[in-house]
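Notes for the structure review
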Amino acid sequence: MSSYNKLNSDFDTQLHQKRELVNNTINQLLASLPMDHEMKEVLSYTLQSPGKCIRSVLALWCCELVSGQINRNAEIAAAAIEMVHTYSLVHDDLPAMDDDDLRRGRLTCHKAFDEATAILAGDALLTLAFEILANEIDEPAVAVRLIRELADAAGPAGMIAGQLADLKAENTAGTKEILEYIHKNKTAKMFRCAAAMGAICGGANQQQLSNLCEYGVKIGLGFQIADDILDVSASSEQLGKTAGKDEKAGKATYPTVVGMEKSIQLAKKLADEAVVVLKPFGEKADTLRQLASALPKRTK
Ligand code: IPE
Ligand code: IPE
Ligand code: MG
Ligand code: MG
Ligand code: MG
C-alpha cells in the first residue's frame, strides 16, 4: 500500500523501483561482507524490515537529476545512508532513549533480540556504512567527500546533537527555537546529506549542490514536523510504530509547542519553499517536486 495520499502513479512507481534498488544493493552488500553469522541475522532483520527509504531514494534521485542516470557510486551512497538511518532508529528505540516496542510494523531490534545485541547492531550498521563508502566508491576523492558529508550529518554536530537535545527537552516547556534546533539536527541534516551525497555521485557543480542541500534541509525539517503530527493523528497500525508516544514521553514537538494547525501549515510552507529552490533545474526536477509535496500529506 502506498504511504502517500493522492499520489501520481508515476511517482509511486518511481519510488517503488528506487526502493527496490536500495534494498537489492543492501542485500547484495550484506551477502558479500564478511561478518559474524549471528550479527548478519540481526542486521538482516533491521535492514530488511519495510522502511520507506526516503533518504536513500532521495540520494538516487539527486544523482539522476544532475547526471541523467544512477551510477554505482550513488547506489553505494544510498545503501550507506540507509544503514546510518537504520542504526539511528535501532538506538532511538532503546529503553535508554525512546523505549519503543514497535518499528516498521515489527518488534524493535532490542525486543526481537536483546538490548546488548541492539546496541551492537547499531554500532555495526554505523561502521559498515563507512566501510562500504571506503571500499566500494570507485574514486578515492569522491569517497572522501561522501564520508565527510555522512560524518558531518550523523555525528556530534548533527544527528547526535539533535538526539541529545531531544532527550534533554523531555518534560520541559520547549520553545520554537529549541525545537527547530532539535529537528534540524536530528532529521534535516540527514536529508541534506542524502541530497548532497547523491549530487556528488552525479558530479554536481557547486550551485546544483547548494540548491539540493537547501532542498534537503527544507523537506527534512518538514518530514520531522509531519512525524510529530502523525504521532498525534495516526494509529500505531498505520505507522508501524507506537502512536501517541511523544505525549507520553513528554517530548517537545511541533504540535505541542506551536499547535496542530500551525504545524500543518509549516510543513506545507517548507514543502512549497523546497519546490522554489528547484527552479533552476526545470522540469527535470519534477520527481523531487512531487516528493516535496507528498511528504506533508504522508500517512505513515
Ligand atoms: C523515522 O524515519 C525517524 C524520523 C526521523 C522521523 P522514517 O519515517 O523515515 O522511518 P522509516 O525508515 O520509514 O522506518
Ligand atoms: C528520531 O525521531 C530521529 C532519529 C534521528 C532517529 P523520533 O524519535 O521522533 O522518531 P520515531 O518517531 O521514533 O520514528
Ligand atoms: Mg527519538
Ligand atoms: Mg523515537
Ligand atoms: Mg517521532
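What this report covers is the structure whose coordinates are included nearby. (Residues numbered from 1 in each chain as written. Chains lettered and ligands numbered in written order. Predicted model: local features only at pLDDT ≥ 70, side-chain atom pairs only at ≥ 80, totals over all residues. Heavy atoms only, no water.)

The secondary structure content of the chain amounts to 15 helices and 2 strands. Its C-alpha atoms give the chain a radius of gyration of 18 Å, near enough to 19 Å, the size a compact globule of 300 residues would have. Out of the 300 residues in the chain, the part that is buried amounts to 54%. A fraction of 75% describes how many contacts in the chain between residues 6 or more apart in sequence connect residues 24 or more apart. For the chain, the exposed area adds up to about 13300 Å²; of that, 51% sits on carbon and sulfur atoms. Charge-centre separation for the chain: the mean point of 33 positive side chains lies 6 Å from the mean point of 40 negative side chains. (Helix = DSSP H or I, 4+ residues; strand = E, 2+ residues; numbered from the N terminus. Rg over C-alpha atoms; globule rule 2.2 N^0.38 Å. Buried < 20%, exposed > 50% of the residue type's maximum accessible area, 1.4 Å probe, protein only. Contact = heavy atoms within 4.5 Å. Areas by Shrake-Rupley, 256 points an atom, 1.4 Å probe, with all protein chains shown as cover. Lys, Arg positive; Asp, Glu negative; His and termini not counted. Charge placed at Lys NZ, Arg CZ, Asp CG, Glu CD.)

Turning next to the site of ligand 2. Around ligand 2, the neighbouring residues are Ser-88, Leu-89, Asp-92, Asp-98, Arg-103, Met-159, Gln-163, Lys-186, Gln-224, Asp-227, Lys-241 and Lys-245. The contact in question runs from an oxygen atom of ligand 2 to an N or O atom on the side chain of Arg-103, over 2.8 Å. Note that an oxygen atom of ligand 2 is positioned 3.1 Å from one of the side-chain N or O atoms of Asp-227. In isolation ligand 2 offers 390 Å² of accessible surface; the protein chains occlude 93% of this area. Among the elements of the structure, α4 (72-92), α8 (159-168) and α10 (206-233) are those that each provide at least two residues to the shell around ligand 2. No other element matches the 3 residues that α4 contributes to the shell around ligand 2. In terms of residue class, the shell around ligand 2 is made up of 2 nonpolar, 3 polar and 7 charged. (Near = heavy atom within 4 Å. Polar contact = N/O pair within 3.5 Å; in protein donor to acceptor, adjacent residues only side chain to side chain. Nonpolar A, V, L, I, M, F, W, Y, C, P; charged D, E, K, R; others polar.)

We now examine the pattern of salt bridges. The full count for this structure, using the stated rule, is 16 salt bridges. Linking Lys-251 and Asp-166 is a salt bridge whose minimum nitrogen-to-oxygen distance equals 2.5 Å. Taken together, the positions of Lys-251 in the loop between α12 (245-249) and α13 (254-258) and Asp-166 in helix α8 put the pair 85 residues apart, joining distant regions of the chain. Residue Lys-251 shares its accessibility class with Asp-166, and that shared class is buried. A salt bridge links Lys-245 to Asp-231, with the shortest nitrogen-to-oxygen separation between them at 3.5 Å. Of this pair, Lys-245 sits in helix α12 while Asp-231 sits in helix α10; the two residues are 14 residues apart in sequence, bridging distant segments of the chain. Accessibility assignment for this pair places Lys-245 and Asp-231 in one class, buried. Among the charged side chains, a network of salt bridges with common partners joins Asp-98, Asp-166, Glu-170, Lys-186 and Lys-251. (Salt bridge = Lys/Arg side-chain N within 4 Å of Asp/Glu carboxyl O.)

Attention now goes to the coordination of the magnesium ion (ligand 4). By definition of the ideal shapes, a tetrahedral metal site with four donors has angles of 109.5 degrees and an octahedral site with six donors has angles of 90 or 180 degrees. For the magnesium ion (ligand 4), the full set of protein donor atoms is Asp-92 (OD) and Asp-98 (OD), and the range of their distances to it is 2.1 Å. Distance-wise, the magnesium ion (ligand 3) is placed 3.1 Å from the magnesium ion (ligand 4), both being coordinated by Asp-92. (Donors = N, O, S within 2.8 Å, 3.2 Å for Na, K, Ca; no water.)

By the secondary structure assignment, Val-258 is in helix α13. Residues Val-258 and Lys-176, spaced 82 residues apart in sequence, show a C-alpha to C-alpha distance of 7.3 Å.

Moving on to unusual backbone geometry. Most peptide bonds take the trans form, and the phi angle of most residues other than glycine is negative. Its identity as a non-glycine residue notwithstanding, Cys-53 has a phi of 55 degrees, on the positive side. Tracing the backbone shows Cys-53 in the loop between α2 (37-47) and α3 (54-67). Exposure remark for Cys-53: the relative accessible area of 6% places this residue in the buried category. Positive phi is not limited to glycine here, since Asn-171 has a value of about 60 degrees.

To continue, consider the nonpolar core. Within the largest apolar cluster, 78 residues are counted, with the highest numbers of intra-cluster contacts made by Leu-58, Leu-212 and Tyr-215. It is α4 that provides the largest number of residues to this core, a total of 11 residues. Once residues lying within four places of it in the same chain are set aside, the contact partners of Leu-58 are Phe-191, Ala-194, Ala-195, Tyr-215, Ile-219, Leu-288 and Leu-291. Ranked by size, the runner-up nonpolar core spans 12 residues in total, among them Ala-165, Ala-169, Ala-188 and Ala-252. (Core = buried A, V, L, I, M, F, W, Y, C linked by side-chain atoms within 4.5 Å.)

Further remarks concern the site of ligand 1. Near ligand 1 you find Gly-51, Lys-52, Arg-55, His-85, Leu-89, Arg-104, Thr-187, Phe-223, Gln-224 and Asp-227, and these make up its full shell. The contact in question runs from an oxygen atom of ligand 1 to an N or O atom on the side chain of Lys-52, over 2.6 Å. Arg-104 is positioned such that a nitrogen or oxygen atom in its side chain is 2.8 Å from an oxygen atom of ligand 1. Contact with the protein chains covers 90% of the free accessible surface of ligand 1, which is 390 Å². For the shell around ligand 1, the secondary-structure elements that each account for two or more residues are α4 and α10. The element best represented in the shell around ligand 1 is α10, accounting for 3 residues. Residue classes in the shell around ligand 1 are distributed as 2 nonpolar, 4 polar and 4 charged.

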